[in-house]
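Observations on the model geometry
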Amino acid sequence: MKKLTAIIMIIMSCSVAATGIEDVKHLKKVYLSEAIEAALKNNIDLQATRLEIDIAKNNIKTANRLKNPSFDAFYFIGAAGRTEPRQLGVSEKIELLKRSARKNLALSNYALAENNVNYTKFDLKMDVREAYINLVAEKSILDTLEQQKELQEELLEIARQRTLQNKAPEIDALQAEISLNQLITQVNSAKLNVNTALAYFNKIINDPNEISYDTEDKLFSEENNFAEMLTPAPTENFPSADVIIKKAMQNRYDIKIAKQEIDIAEKNLTLISRQRIPDISISGGYAYRPGAYSETGNFNNGAYAGASLVNIPLFYNYSPEIKNAAYKVEQAELKYKSVCNKALKDINSAYERFLTAGENLNHYEKKILKNSEKMINMSMDSYELGKYDITSLIVMKQAYKSIILGYTYALSEYYNSWTNFLRETNDENFELLDNL
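This is a predicted model, so every value here is computed, not measured. (Residues numbered from 1 in each chain as written. Predicted model: local features only at pLDDT ≥ 70, side-chain atom pairs only at ≥ 80, totals over all residues. Heavy atoms only, no water.)

1. With respect to the overall build of the chain
A tally of regular secondary structure across the chain gives eleven helices and six strands. Counting across all 436 residues of the chain, residues that qualify as buried make up 42%. When contacts within the chain are restricted to residue pairs at least 6 apart in sequence, long-range pairs at least 24 apart make up 83% of them. Entry remark: accessible area of the chain is about 23500 Å², with carbon and sulfur atoms responsible for 52%. (Helix = DSSP H or I, 4+ residues; strand = E, 2+ residues; numbered from the N terminus. Buried < 20%, exposed > 50% of the residue type's maximum accessible area, 1.4 Å probe, protein only. Contact = heavy atoms within 4.5 Å. Areas by Shrake-Rupley, 256 points an atom, 1.4 Å probe, with all protein chains shown as cover.)

2. Remarks on the packing of helix α2 (residues 32–42) against helix α5 (residues 99–164)
Where α2 contacts α5, the two axes come as close as 9 Å, and the packing angle between them is 140 degrees. The angle between α2 and α5 places the two elements in the oblique class. In this structure, α2 meets α5 at a crossing whose hand is right-handed. Contact residues: L32, A35, I36, A39 and L40 in α2; K121, L124, K125, V128, R129 and Y132 in α5. (Axes fitted to C-alpha atoms, helices over the stretch in contact; angles between N-to-C directions. Parallel < 35°, antiparallel > 145°, perpendicular 65-115°, else oblique. Left-handed = near helix turned anticlockwise from the far one by under 90°.)

3. A closer look at the pairing of strand β3 (residues 86–94)
With five bridges connecting them, strand β2 (residues 70–74) and β3 associate as antiparallel partners. Following the sheet pairing, S70 is matched in β3 by S91. Where β3 and strand β5 (residues 279–289) come together, nine bridges link them in antiparallel fashion. Counterpart to G89 in the pairing with β5 is G285. (Pairing = 2+ DSSP bridges.)

4. Details of the nonpolar core
With 58 residues, the main nonpolar core has V128, F201, Y351, Y414, F421 and L432 as its most contacted residues. Elements that contribute at least two residues to this core include exactly α2, α5, α6 (170–205), α8 (241–248), α10 (319–384) and α11 (390–425). When residues of this core are assigned to their parent elements, the largest contribution, twelve residues, is made by α5. Contact partners of Y414, with chain neighbours within four places excluded, come to F226, T231, P232, A233, P234, F238, F354, A357, G358 and L361. (Core = buried A, V, L, I, M, F, W, Y, C linked by side-chain atoms within 4.5 Å.)

5. Considering the pattern of salt bridges
Counted by the stated rule, this structure contains 15 salt bridges. Between D214 and K139 there is a salt bridge whose closest N-O contact spans 3.2 Å. Separated by 75 residues along the polypeptide, D214 in strand β4 (residues 213–215) and K139 in helix α5 bring together distant segments of the chain. Note on D214: relative accessible area 1%, which makes it buried. (Salt bridge = Lys/Arg side-chain N within 4 Å of Asp/Glu carboxyl O.)

6. Section: a nonpolar patch on the surface
A surface patch of nonpolar side chains, amounting to about 510 Å² of accessible area, comprises F71, L88, V90, Y286 and F299. Its location among the elements puts F299 in the loop between β5 and β6 (300–310). (Patch = residues over 30% accessible without salt bridge, like charges linked within 9 Å, V, L, I, M, F, W, Y side chains within 5 Å.)

7. Some remarks on the packing of aromatic side chains
The geometry of an aromatic ring pair comes down to the distance between the two centres and the angle between the two planes. Following the criterion strictly, the structure yields 17 aromatic pairs and no others. Ring centres of F354 and F421 lie 6.4 Å apart, and the angle between their planes is 20 degrees; on these two criteria the pair is classed as stacked. Remark: F421 occurs in helix α11 and F354 occurs in helix α10; sequence separation between them is 67 residues. For the pair F354 and F421, a shared accessibility class is recorded, and that class is buried. These aromatic residues form a ring-pair network of at least three members: F226, F238, Y351, F354, Y414, Y415, W418, F421 and F430. (Phe/Tyr/Trp six-rings, centres within 6.5 Å; stacked < 30°, edge-to-face > 60°.)

8. Focus on the environment of A39
Residue placement: A39 occurs in helix α2. Between the C-alpha atom of A39 and that of L124, which follows or precedes it by 85 residues, the distance is 7.5 Å. Apart from residues no more than four positions distant in its own chain, A39 is found in contact with L46, L124, V128 and I205.

9. Re unusual backbone geometry
Backbone geometry places L97, a non-glycine residue, at a positive phi of 65 degrees. Positionally, L97 belongs in the loop between β3 and α5. Using a relative accessible area of 51% as the deciding quantity, one classes L97 as exposed.

10. Brief notes about α5
With 66 residues, α5 should reach 98 Å at 1.5 Å per residue; the first-to-last C-alpha distance of 97 Å fits that figure. N166 occupies a position one or two residues after α5 and carries a positive phi of about 60 degrees. (Expected span 1.5 Å × (residues − 1).)

11. Some points on the sheet that holds β2
Spatially, β2-β3-β5-β6 is the arrangement adopted by the four strands of the open sheet, whose pairing is antiparallel. The strands lining the two open edges of the sheet, one partner per strand, are β2 and β6. Averaged over all pairs of adjacent strands, the angle between strand axes in this sheet comes to 20 degrees, irrespective of strand direction. Note: β5 against β6, eleven bridges, orientation antiparallel. The partner of G284 across the bridge, within β6, is A305.

12. Some thoughts on α8
Every buried residue of α8 is accounted for by A241, I244, I245 and A248. The arc that holds every buried residue of α8, seen down its axis, measures 95 degrees, which confines them to one face. Turned more than 90 degrees away from the buried face of α8 sit D242 and K246, all of them exposed. (Arc of directions from axis to C-beta.)

In structure tokens form, the structure reads like this:
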């Protein structure tokens, strides 16, 4: 029974050692914080998204550009050449109040690009969290099932010995063998689930350097597992939802982005409205008339200058574009209100889910696990002494397995609910303190 007790204690700890997984030995094992760091450094999608900032910077330079000048040459032929001077010069179109508006719009788009990149980085961190937690959970489930299989193998051996000693009917051994075969299929399925979760974990990190990552084991059983999983312990006295929501609304990227989109729409309206302002075209240069074509026979030369208004909104005054730009402002304002309204509900829902997950986890740890451990020990002892039939024992073992798996799911849900809460608050360092 000492061996049996030791195995049960391993199950109770929900260790996530990757027993029996031959294809993970070459993987680089990382803690959650290391996995997040690796993703931020190497993720290909994030690298592509970061280029949006460089593009936005160049768009600012583009918006601030001056019009290129034109070189003009006038050489009159025939009779016109005898009366008109020849000219060499340049002309330049000068925009009035448009260049500054265009630059302001580009600057606002640059701020939006920064917010979008920061949002993408944050989402990546949360995706890594979820993938990491799910992989740890799948490995924990596999380990639990493998330990259960060892228990069932021991039970089968006990049943066979009792059958040989005529202390139990042959059906006991048959029932134990059937139960073992069921566990074997469950272990095989769990192995597949681990490999699938492992592949998804590396897909999220998306490292192009031919490095594959795996989670550190036994995070569900260490005393500092909550710290390693970057999650507050469920025993803390958490503040009310009203306090949480007030703080959480300050950091959401979708609210910042929606607000920035209002600024972009307003600056776009300004830019389009200024299309009604005419531009100025100026020109100047050198003019001369050879002596052969002058009345006095002398070579005459000098300078010339000219100016004109261009793009006068006489036939078309840009009214449709201006109206559409105004609608865009109104649309952005409505979107901002909608985002804020949805954010309140999402944060409240995520926080309630987290509190419930913590309550369930505490219930498992304080009331269910200890009693179930005592139950399975007593049942195994009673069967060995012939005081318990194997059918009842197998049913008891299945119930115990469900409890252990239920605890694993509860722990996984607690970690995931915290990640979901962080995703809704958009703050990876959110602190749940009473004095917020």
